[in-house]
Amino acid sequence: MIKLVDGEEFSIIAKNNICFVTLNSATTKNAISLRMSSIMQSITIEENGNPSLFEKFINEQNCLLIVVKSDVEGIFSSGGNLSELEKNEPEACKYYSSSIKAFCKLLHSTNAPSVTLLSGPSFGGGVEFALATDYRWGIGKSYDFHFTQTKFGIPTGWGGMLRLTELCPQLSPRKVSSIILGKLKFDNSQLLNLGLVDKEFNTKKACQTALDEWVHHILDCPKYLIEELMNRKNIENLTDLEEYDTHIFNKYFLKDEHKIRIHKFLSSKKKK
Ligand SMILES: CC[C@@H](C(=O)O)C(=O)SCCNC(=O)CCNC(=O)[C@H](O)C(C)(C)COP(=O)(O)OP(=O)(O)OC[C@H]1O[C@@H](n2cnc3c(N)ncnc32)[C@H](O)[C@@H]1OP(=O)(O)O
């Protein structure tokens with residue numbers, strides 16, 4: 001196990017090709033503190049065109065999946081740390097939101113797919129943090145989203161409104177505004193119906209087995225394919241994407257690796 005961030009309330013470690021981003025602040029119900037935000041800033045910054053420390057970690061540790069999770073029973077995150085925000089002057093919190101927002105963006109822009117595991121509710125910025133990954137998986141039925149930001153007189157600050165429309169096109173910008181203004185709550189079945197949660201598991205063990213299987217399947221892919229497919233995320237235009245997909249298919253069709261794998265498959269069938 002290799003560590004990038006080794007804090008009690010917030011850690012980032014690599015284990016068995018998975019990068020685990022873990023919230024573990026029981027006393028604040030996993031509120032995102034100023035300290036966490038400043039760590040996020042330090043690992044997100046790209047200097048002189050070099051990849052950020054987080055991206056470097058993902059690449060060097062050969063992480064094929066990023067898993068965001070809570071180690072506190074019964075909660076994913078209570079959002080921004082309200083007591084710290086009350087105590088501090090705006091100057092001391094100047095980079096608080098932008099740092100968390102940048103880290104959230106990184107969670108769906110690196111070369112590894114990302115998933116948040118939800119086994120309890122999320123509030124305000126905690127919902128935005130959960131929306132930052134490519135996927136969300138539920139464990140049990142007690143997870144839900146509470147859009148509480150306007151209770152405190154602010155809209156979302158970590159990219160959450162845009163992310164809602166991005167992940168769920170049926171939530172138009174107008175609908176998103178009314179969700180935030182209305183302080184709506186989405187329960188587990190609404191989250192599943194909207195596709196904001198992709199899968200639900202009865203137990204942590206079943207979820208871990210699915211994660212291990214996912215990594216196992218990615219590990220089985222040739223390295224060139226992982227690189228080429230993850231590169232698709234950088235192509236926004238659909239015509240360019242079609243051209244890219246045709247190009248990478250032709251590049252590997254009936255080349256050595258393709259032939260070897262077909263041969264292996266057919267020989268294993270004959271043995272049976
Ligand atoms: C800038 C950030 C902003 C954004 O951009 O969106 C936000 O995130 S706004 C904040 C949104 N968060 C919320 O609306 C949730 C606020 N918290 C709660 O409603 C409740 O605490 C809870 C999460 C529903 C849990 O309730 P309960 O089980 O009854 O426990 P307690 O309320 O007693 O909480 C235990 C303990 O945790 C502290 N706590 C909880 N949330 C936060 C928080 N967001 N920041 C800091 N501390 C938090 C709470 O104060 C308790 O501490 P003690 O009183 O010291 O025991």
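Residues numbered from 1 in each chain as written. Predicted model: local features only at pLDDT ≥ 70, side-chain atom pairs only at ≥ 80, totals over all residues. Heavy atoms only, no water.

What about the nonpolar core?
Then, in step 1: Core analysis: the biggest nonpolar cluster contains 48 residues, and F10, I12, F54 and F103 have the highest contact counts within it.
Then, in step 2: Sort the elements by how many residues they give to this core and helix α4 (residues 96-107) lands first, with six residues.
Then, in step 3: The next biggest cluster of nonpolar side chains, apart from the first, holds 17 residues, and it includes F20, W137, I139 and V215. (Core = buried A, V, L, I, M, F, W, Y, C linked by side-chain atoms within 4.5 Å. Buried < 20%, exposed > 50% of the residue type's maximum accessible area, 1.4 Å probe, protein only. Helix = DSSP H or I, 4+ residues; strand = E, 2+ residues; numbered from the N terminus.)

So, the packing of aromatic side chains
Then, in step 1: Tallying each qualifying case throughout the model produces 12 aromatic pairs.
Then, in step 2: Geometrically, the ring pair formed by F54 and F103 is edge-to-face, given 5.3 Å between the ring centres and 70° between the ring planes. With F54 in helix α2 (residues 53-60) and F103 in helix α4, the pair connects residues that are 49 residues apart, well separated along the chain. For the pair F54 and F103, one class covers both residues: buried.
Then, in step 3: Consider the rings of F103 and F129, whose centres lie 6.3 Å apart with planes at 25°: the pair is stacked. Remark: F129 occurs in helix α5 (residues 125-131) and F103 occurs in helix α4; sequence separation between them is 26 residues.
Then, in step 4: Residue F103 is classed as buried on the basis of its relative accessible area of 0%. (Phe/Tyr/Trp six-rings, centres within 6.5 Å; stacked < 30°, edge-to-face > 60°.)

Topic: the sheet that holds strand β9 (residues 135-139)
Then, in step 1: Within the open sheet, the seven strands sit side by side as β1-β2-β3-β5-β7-β9-β12. Their pairing is mixed. On the outer flanks of this sheet lie β1 (2-6) and β12 (199-201), each paired with one strand and no other. Across this sheet, the average inter-strand angle for adjacent strands is 20°, counted without regard to direction.
Then, in step 2: Direction of pairing for strand β7 (residues 114-118) relative to β9: parallel, over a ladder of four bridges. Of the residues in β9, the one forming a bridge with T116 is R136.
Then, in step 3: Running over the sheet, α2 touches β1, β2 (10-15), β3 (18-23) and β5 (65-70) and is turned about 160° from β1. (Pairing = 2+ DSSP bridges. Axes fitted to C-alpha atoms, helices over the stretch in contact; angles between N-to-C directions. Contact = heavy atoms within 4.5 Å.)

Structural notes on the side chain of S37
Then, in step 1: Looking at the secondary structure, you find S37 in helix α1 (residues 34-44).
Then, in step 2: Excluding residues within four positions of it along the chain, S37 makes contact with Y95, Y96, S99 and I100.

Details of the confidence of the model for the chain
Then, in step 1: On average, residues of the chain score 96 in pLDDT, and 100% of them reach the 70 mark or higher.
Then, in step 2: Confidence estimates for the predicted assembly give a pTM of 0.96 and an ipTM of 0.97. (pLDDT = per-residue confidence, 0-100.)

Things to note about unusual backbone geometry
Then, in step 1: For N48, which is not a glycine, the phi torsion comes out positive at approximately 50°.
Then, in step 2: Mapped onto the elements, N48 comes out in the loop between α1 and α2.
Then, in step 3: The exposed category is assigned to N48, whose relative accessible area is 77%.
Then, in step 4: Its identity is not glycine, yet L254 carries a phi of approximately 60°, on the positive side.
Then, in step 5: Following the sequence through the fold, L254 ends up in the loop between α11 (238-252) and α12 (256-271).
Then, in step 6: Note on L254: relative accessible area 42%, which makes it partly exposed.

Some details on the sheet that holds strand β11 (residues 185-186)
Then, in step 1: A sheet is described by the order of its strands in space; here three strands give the open sequence β8-β10-β11, paired in mixed fashion. Each end of this open sheet is capped by a strand with a single partner; those strands are β8 (122-123) and β11.
Then, in step 2: Across two bridges, the pairing between strand β10 (residues 145-146) and β11 is antiparallel. The partner of F145 across the bridge, within β11, is F186.

Describing a nonpolar patch on the surface
Then, in step 1: A cluster of nonpolar side chains, contributed by F249, F253, L254, I262, F265 and L266, occupies part of the molecular surface with about 580 Å² of accessible area.
Then, in step 2: For the nonpolar patch, the element with the most residues is α12, which contributes three residues.
Then, in step 3: Take F253: it is sitting in the loop between α11 and α12. (Patch = residues over 30% accessible without salt bridge, like charges linked within 9 Å, V, L, I, M, F, W, Y side chains within 5 Å. Areas by Shrake-Rupley, 256 points an atom, 1.4 Å probe, with all protein chains shown as cover. Salt bridge = Lys/Arg side-chain N within 4 Å of Asp/Glu carboxyl O.)

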